[in-house]
Amino acid sequence: MYPSSPGHGGSGDENPHTKYYGDRRGYVRCTVSRDTCTADYRVVDRVTRPGAPVRTDRSFVIEAGVPGVQTP
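As the structure is a computational prediction, the values presented were derived from the model and not from experiment.

The rules behind the values
- Residue indices follow the written sequence of each chain, beginning from 1 at its first position.
- At least 70 in pLDDT is required for a residue's local features to be given in this predicted model, at least 80 for side-chain atom pairs to be given and counted, and no such filter applies to totals for whole chains, interfaces and linings, which use all residues.
- Heavy atoms throughout the structure, all of them, feed into the side-chain values; hydrogens and water do not.
- What counts as a helix is a DSSP run of H or I of at least four residues, what counts as a strand is a run of E of at least two, and both are numbered from the N terminus.
- Nitrogen and oxygen atoms within 3.5 Å of one another constitute a polar contact, given that in protein one can donate a hydrogen and the other can accept it, and given that sequence-neighbouring residues count only through two side-chain atoms.
- Any two strands with at least two DSSP-identified bridges between them are counted as paired.
- For helices, the fitted line uses only the C-alpha atoms of the stretch in contact; every axis is such a line through C-alpha atoms, and the angle between N-to-C directions lies from 0 to 180 degrees.
- Whenever a carboxyl oxygen of Asp or Glu lies within 4 Å of a side-chain nitrogen of Lys or Arg, that contact is scored as a salt bridge.
- Under the scheme applied here, a residue whose accessible area is under 20% of the maximum for its type counts as buried, over 50% as exposed, and between as partly exposed, the area being computed with a 1.4 Å probe on protein chains only.

**Observations regarding the environment of Arg24**
Phase 1: Along the polypeptide, Arg24 turns up in the segment before strand S1 (25-32).
Phase 2: Sequence spacing of Arg24 and Arg46 is 22 residues, and the spatial spacing of their C-alpha atoms is 9.0 Å.
Phase 3: Looking at Arg24, its side chain comes within polar contact range of the side chain of Asp57, at 3.1 Å.

If you want it as structure tokens, here you go:
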């Protein structure tokens, strides 16, 4: 997912190595085990609302011995 508005720097044309760019505020939660590393992009839809729910917008997994990023 890339932003539709110009000037964000997340365009796939500008950086073809970018796998995800969501124009939202949030954080990345990483879970690391012996066999995998999972990155969950957690976002809030409204930062102006205290207690707004947090949701996972996208997840990626890197598996041991498997090249590249996978989507669950």
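Structure's up, so let's keep going.
**Description of the sheet that holds strand S2 (residues 36-44)**
Phase 1: Across the sheet, three strands lie side by side as S1-S2-S3; this open sheet has antiparallel pairing. Of all strands in the sheet, those with a lone pairing partner are S1 and strand S3 (54-63), marking the two edges. Here the average twist between neighbouring strands, direction ignored, is 20°.
Phase 2: Across eight bridges, the pairing between S1 and S2 is antiparallel. Bridging from a neighbouring strand, Val32 pairs with Cys37 of S2.

**Comments concerning the pattern of salt bridges**
Phase 1: What the rule picks out here adds up to four salt bridges.
Phase 2: A salt bridge links Asp45 to Arg55, with the shortest nitrogen-to-oxygen separation between them at 2.9 Å. Highlighted residues: Asp45 in the loop between S2 and S3 and Arg55 in strand S3, separated in sequence by 10 residues.
Phase 3: A residue is classified by how much of its surface remains accessible, and Asp45, at 54% relative accessible area, is exposed.
Phase 4: Relative accessible area serves as the criterion here: at 31%, Arg55 is assigned to the partly exposed category.
Phase 5: Ionic pairing is found between Arg55 and Asp57, a salt bridge with its closest N-O pair at 3.1 Å.
Phase 6: With relative accessibility at 17%, the residue Asp57 sits in the buried group.
Phase 7: Counted as one network, the salt bridges with shared partners bring together Arg24, Asp45, Arg55 and Asp57.

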